[in-house]
Amino acid sequence: MSVRGYQSGSEGSDNHHDEEHERTFSSFSEYIDHSKHDPEKVVEVSPNGRYAKLNSVLGKGAYKIVYKGIDREEGYEVAWNCFQTSKQEYAELSQEIEILKRVRHPNIINFHDCWYSNTEFIFITELMTSGTLREYIRKLQTPNVKVVKRWCRQILKGLIYLHSYDPPIIHRDIKCDNIFINGAHGEVKIGDMGTAKMKIGKKYTVIGTPEFMAPEMYEEKGYNEKVDIYAFGMCLLEMVTGEYPYNECKNAAQIFKKVTQGLKPDCLAKVTDPEVLSLINHCIAPEHERYSAQDAIEDPFLGVEPEVVVLSTNEAKNHLTLQVVFKGMDKLSVKFEFNADTDTAEEVVNEMIEEQVLPQRYQRFITHDINRILRELAGTSDKKDSAGLHAPSSPMAPMHPSQGAVAPLTLDTSNPQTLVGGSTTLTRRNSNPDYNSEMELPPKDYSADTPIDDLVNDTAMAYHRGPDKANEWLDKLKKQDIMTVGDLKDLQDSDWAGFDLTVFASRAIRNRLFGKTIKRPSPMTRSPSGTDDGI
Ligand SMILES: Nc1ncnc2c1ncn2[C@@H]1O[C@H](COP(=O)(O)OP(=O)(O)OP(=O)(O)O)[C@@H](O)[C@H]1O
């Protein structure tokens with residue numbers, strides 16, 4: 001008998017027919033056997049119909065099985081995670097799950113949706129394509145320092161973000177197996193967010209993973225977000241030695257004994273680079289001496305040094321487009337315009353700090369660097385630098401080939417070498433303002449008669465500004481008789497300057513309203529790579 005596809009029988013469906021019509025089977029049972037193993041076969045659909053689980057296991061951990069899935073609305077692949085648990089346990093976590101759904105950071109795996117079904121907590125997350133950090137470490141043996149630095153910065157950016165919540169979100173199970181790598185660019189993301197708390201609830205488990213658990217986690221006296229930094233320190237140790245910490249221990253009890261006695265893992269002795277050793281020691285120190293995520297990212301081993309470069313200037317050299325480049329902070333830079341006749345370095349830097357586009361700690365450094373550029377442009381050395389620093393004798397930063405145009409303030413998360421205008425990425429406000437936290441903010445479609453209050457309040461919320469800021473912006477707009485979105489839409493670019501809004505506010509509102517199309521770049525301002533999505 002020959003069966004072409006699967007055309008009849010109680011389980012038959014058009015779908016099956018479509019999927020299988022190319023293949024001929026010698027028997028019905030062969031067909032069934034084949035379809036059981038077809039990795040693209042949809043085996044389950046989410047209650048809301050949006051997500052489909054495919055017959056393809058991405059991996060199995062001690063707690064969950066992860067399948068490949070499809071987001072049928074957006075058309076991309078996702079990870080379909082199945083975690084065995086009781087309905088009650090699931091219900092107890094409902095508040096935390098709501099928080100997880102709001103967590104959005106480029107270095108944290110996105111949590112899309114979840115539900116409970118038939119003894120399983122099922123949750124949909126972003127799919128990671130290139131395995132875990134642990135697998136990479138095994139593959140690369142010991143990765144080079146540059147790669148380690150890049151990984152560390154990304155993990156810490158994710159932790160800074162999580163810990164900046166109030167109360168802080170504690171991951172509780174940071175380890176190289178829970179850090180995932182994506183794609184060809186080695187983007188690193190923290191995963192396994194959805195189950196950390198649940199695993200802790202499981203009576204039969206030791207909390208977290210013994211090798212990565214800070215001593216205070218064993219003591220049951222309570223702990224805080226610093227446990228994630230301890231675990232990060234152990235991850236760094238694994239990255240640079242290629243060894244699992246406490247490999248010398250045969251079981252969890254031995255690890256417990258060592259950790260609670262303050263004995264460090266043997267492989268720590270193999271770390272030869274003094275900077276790496278110092279960072280690890282700061283991370284695995286007793287809780288009260290331990291680094292925070294912010295301290296760790298500022299450690300000399302990972303430290304970032306901003307540099308101001310001139311992207312373009314007009315002929316009179318009084319309208320400049322400058323960019324603060326954070327060396328080593330992969331893909332982060334801040335581009336802004338500077339009018340040498342009316343702006344001072346101090347004011348502009350202060351404004352960017354106030355708007356949390358730049359971190360406070362670089363104030364003197366960046367102010368000084370802008371003044372250095374101004375002096376060099378003016379060809380003099382007598383312009384006062386109120387930062388009180390000595391001007392370095394370095395030559396002026398190389399000019400960008402696109403001279404003549406002035407770009408608006410933008411925080412560009414693309415490669416600083418690639419001067420893409422018009423990124424709508426801006427910093428988010430949090431209790432620990434930092435340039436590391438970014439959010440993509442798409443424009444919204446407002447009708448012309450929408451009250452201006454709606455647009456401004458939405459903008460403030462989208463950019464994590466409080467109601468005070470929104471009211472301040474509204475006052476300034478209303479003073480100029482701007483009452484509806486239509487009033488704003490009618491304006492010329494030059495009219496915006498009359499509102500007395502800060503560069504950030506004006507930029508944020510315009511982004512919200514127009515997205516990336518508010519001002520086309522002149523051909524001169526296109527990026528060297530030919531990208532044409534400027535402001
Ligand atoms: N988002 C994802 N994208 C791709 N693969 C994933 C993803 N999440 C998990 N996996 C795969 O599934 C495996 C099991 O996941 P994970 O290790 O998180 O399970 P677990 O039971 O929570 O973990 P553990 O045993 O470490 O406590 C991973 O090793 C990985 O191969």
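Predicted, not measured: the structure shown is a model, and the values here were computed from it.

**Focus: the nonpolar core**
For soluble globular proteins, nonpolar side chains are generally found buried alongside one another. The biggest cluster of nonpolar side chains holds 67 residues, and the ones touching the most others in it are Leu133, Ile155, Leu159 and Met239. One finds Val308, Leu358, Trp496 and Ala508 within the second-largest nonpolar core, a separate group that totals 44 residues.

**Details of the pattern of salt bridges**
Tallying each qualifying case throughout the model produces 21 salt bridges. In this structure, the salt-bridge partner of Lys53 is Glu44, at a minimum N-O distance of 3.3 Å. By relative accessible area, which is 10% here, Lys53 ends up buried. Between Glu354 and Lys469 there is a salt bridge; the shortest N-O distance is 3.6 Å. Of this pair, Glu354 sits in helix H13 (residues 345-354) while Lys469 is found in helix H16 (residues 467-479), placing the two residues 115 residues apart along the sequence. Glu354 sits in the partly exposed class, given a relative accessible area of 49%. A cluster of three or more residues bridged by salt bridges with shared partners is formed by Arg134, Arg138, Asp177 and Glu238.

**A short note on the packing of aromatic side chains**
In total, this model carries 12 aromatic pairs according to the counting rule given. An angle of 45° between the planes, with centres 5.1 Å apart, marks the rings of Tyr90 and Phe121 as tilted. One end of the pair, Tyr90, is in helix H3 (residues 87-92); the other, Phe121, is in strand S8 (residues 120-126), and 31 residues separate them in sequence. As far as burial versus exposure is concerned, Tyr90 and Phe121 are alike and both buried. Ring-pair connections join several aromatic residues into one group, and the members of that group are Tyr63, Phe83, Tyr90, Phe111, Tyr116, Phe121 and Phe123. Note that Lys53 overlies the ring of Tyr67, its terminal NZ or CZ placed 4.1 Å from the centroid. Across the ring face of Trp496, the terminal group of Arg510 is positioned such that the distance to the ring centre comes to 5.0 Å.

The rules behind the values
Residues numbered from 1 in each chain as written. Predicted model: local features only at pLDDT ≥ 70, side-chain atom pairs only at ≥ 80, totals over all residues. Heavy atoms only, no water. Core = buried A, V, L, I, M, F, W, Y, C linked by side-chain atoms within 4.5 Å. Buried < 20%, exposed > 50% of the residue type's maximum accessible area, 1.4 Å probe, protein only. Salt bridge = Lys/Arg side-chain N within 4 Å of Asp/Glu carboxyl O. Helix = DSSP H or I, 4+ residues; strand = E, 2+ residues; numbered from the N terminus. Phe/Tyr/Trp six-rings, centres within 6.5 Å; stacked < 30°, edge-to-face > 60°. Lys NZ or Arg CZ within 6 Å of the ring centre and 35° of its normal.

Scope: geometric values only; no functional claims are made or implied.
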